[in-house]
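Topology and contacts: notes
So the chains spell out like this:
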Amino acid sequence: MTRPHQQTILKIESMSNLVDSFNREINYMRISVTDRCDLRCIYCASTNFKDQSHENTLRYEEIYRIVQAAASIGVTKIRLTGGEPLVRLHLSRLVGMLAGIPGIEEVSMTTNGTLLAKYAAELKAAGLKRVNVSLDSLKPDKFAYITGGDKLNDVLLGIETANNVGLVPVKINMVVLKGINDDEILDFARKTITGGWNVRYIEHMPFSNAKKQDNDMVSSQEIMSLISKELGELVPHHPRVGNGPAKYYKLPNSNGTLGFIGAVTECFCAQCNRFRLTSDGKLRPCLLDDDEIDIRERVRQGAGIEELAAVIQSAAVIKRKQHHLSSGQKPSARSMRQIGG
Ligand code: SAM
């Protein structure tokens, strides 16, 4: 005789996986828990942004049900993002709820780090596995210019605390902007030697409604050439954790790693395994494509897990083959804060 939890596991195993029209297996869901943020990064925040109402924002119980449905058809990895996820009250409660769903193997988070020192220990205890921290400058005045906030020390303390409580590996995401922070590429790379940091350089995507729209992207190729010229040969590295779009390397004598995310110049759509849930309850198959499917109303109408799973399947069906950033596509009418970066 099978016990209730065994029945759930058997059911999950017997369900087919989530596969899109191009035969890509989708097992990774990024969830924006809020569109609110305590920073105003020039490349992310829009000029005329109005916070979404609480009524329109998914409640934790609603996110829980959607993730239950996603897990029932093969989603195993969840990343919480925003907006800034840590400005949402009691986030560790949500982490605990999601980490306990059968089939969910990993809950991680992307954060700006300003509140991380305060919450790292309780997030870890709730079941969060690891964090990515966005940090674009190690210089207080430039950090303030890019983010609109005087919080560099809070972020650095957040990174240290996350490492101390075991939210590892902590990955540091730097968006490189020509003429603004590209003079710090080497400083960040040196941190992989002196501080064991895992740094990832991200190409700037020119979102249509961000304050900063001009194309001042520095390509992964340019960044790699600079680092190898100044600091030594980049040795390919295959990390044990994560299988996203970054290509990883190590410098000689470093404990840390360097990752390069060619968001614009390299198309990694063929390997894409993810979709997004926006904070207002839209399933978004691609960050850069405005096609969305509303799942919030279905949850609020009381749809069951199988019905919600069918809605998720329908989102996979409309996932496009690839984006066209390298040939000048301007991504999205919605800002990164709304979609969840
Ligand atoms: N507030 C959290 C944070 O700062 O990490 C999570 C949300 S933020 C939108 C997620 C990531 O998107 C950050 O690493 C941020 O640097 C990145 N991002 C935002 N706008 C971007 C853009 N235009 N191009 C490239 N990356 C961008």
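The rules behind the values
The residue count restarts for each chain, going from 1 along the sequence in the order it is written. Totals for whole chains, interfaces and linings use all residues, but because this is a predicted model, local features are given only for residues with pLDDT of at least 70 and pairs of side-chain atoms are given and counted only at 80 or more. As a convention, hydrogens and water are excluded, and side-chain values are obtained from all of the structure's heavy atoms. Every residue is assigned a pLDDT by the predictor, reflecting its confidence on a scale from 0 to 100. Any two residues whose heavy atoms approach within 4.5 Å at even a single point are treated as in contact. The term disulfide is used for any two cysteine sulfur atoms that are within 2.5 Å. Numbered from the N terminus, helices here are DSSP runs of H or I no shorter than four residues, and strands are runs of E no shorter than two. Two strands are said to pair when DSSP picks up at least two bridges between them. Axis definition: a line fitted to C-alpha atoms, limited for helices to the stretch in contact. Angles are taken between N-to-C directions and run from 0 to 180 degrees.

**With respect to the confidence of the model for the chain**
- With 89% of its residues at a pLDDT of at least 70, the chain reaches an overall mean of 90.
- When the criterion is pLDDT under 50, residues 1-14 qualifies, and its contacts beyond four places in sequence or with other chains add up to eight contacts.

**Regarding the state of the cysteines**
- A complete count under the given rule lists zero disulfides for this structure.
- Of the cysteine sulfurs around C267, a residue in no disulfide, the closest is that of C269, at 3.2 Å.
- Distance from the sulfur of C286, which forms no disulfide, to the nearest cysteine sulfur (C269) is 6.3 Å.

**What about unusual backbone geometry?**
- P169 follows V168 through a cis peptide bond whose omega is -5°.
- Mapped onto the elements of the fold, P169 is located in the loop between helix 6 (152-165) and strand 5 (171-176).
- In the Ramachandran plot, N23 falls in the positive-phi region, its phi being about 70° despite a non-glycine side chain.
- Turning to its location among the elements, N23 is positioned in the loop between helix 1 (4-14) and strand 1 (28-32).
- Notably, N253 is not glycine yet its phi reads approximately 65°, a positive angle.

**Details of the sheet that holds strand 8 (residues 247-250)**
- Sheet architecture is open: twelve strands sit in the order 7-8-9-6-5-4-3-2-1-10-11-12, paired in mixed fashion. At either margin of the open sheet sits one strand with a lone partner, and together these are strand 7 (235-236) and strand 12 (293-294).
- The pairing of strand 5 with strand 6 (residues 198-203) spans six bridges and is classified as parallel. Bridge pairing in strand 6 links V175 to I202.
- Relative to the sheet, helix 8 (residues 220-231) contacts strand 5, strand 6, strand 8 and strand 9 (257-261), its axis offset from that of strand 9 by approximately 155°.

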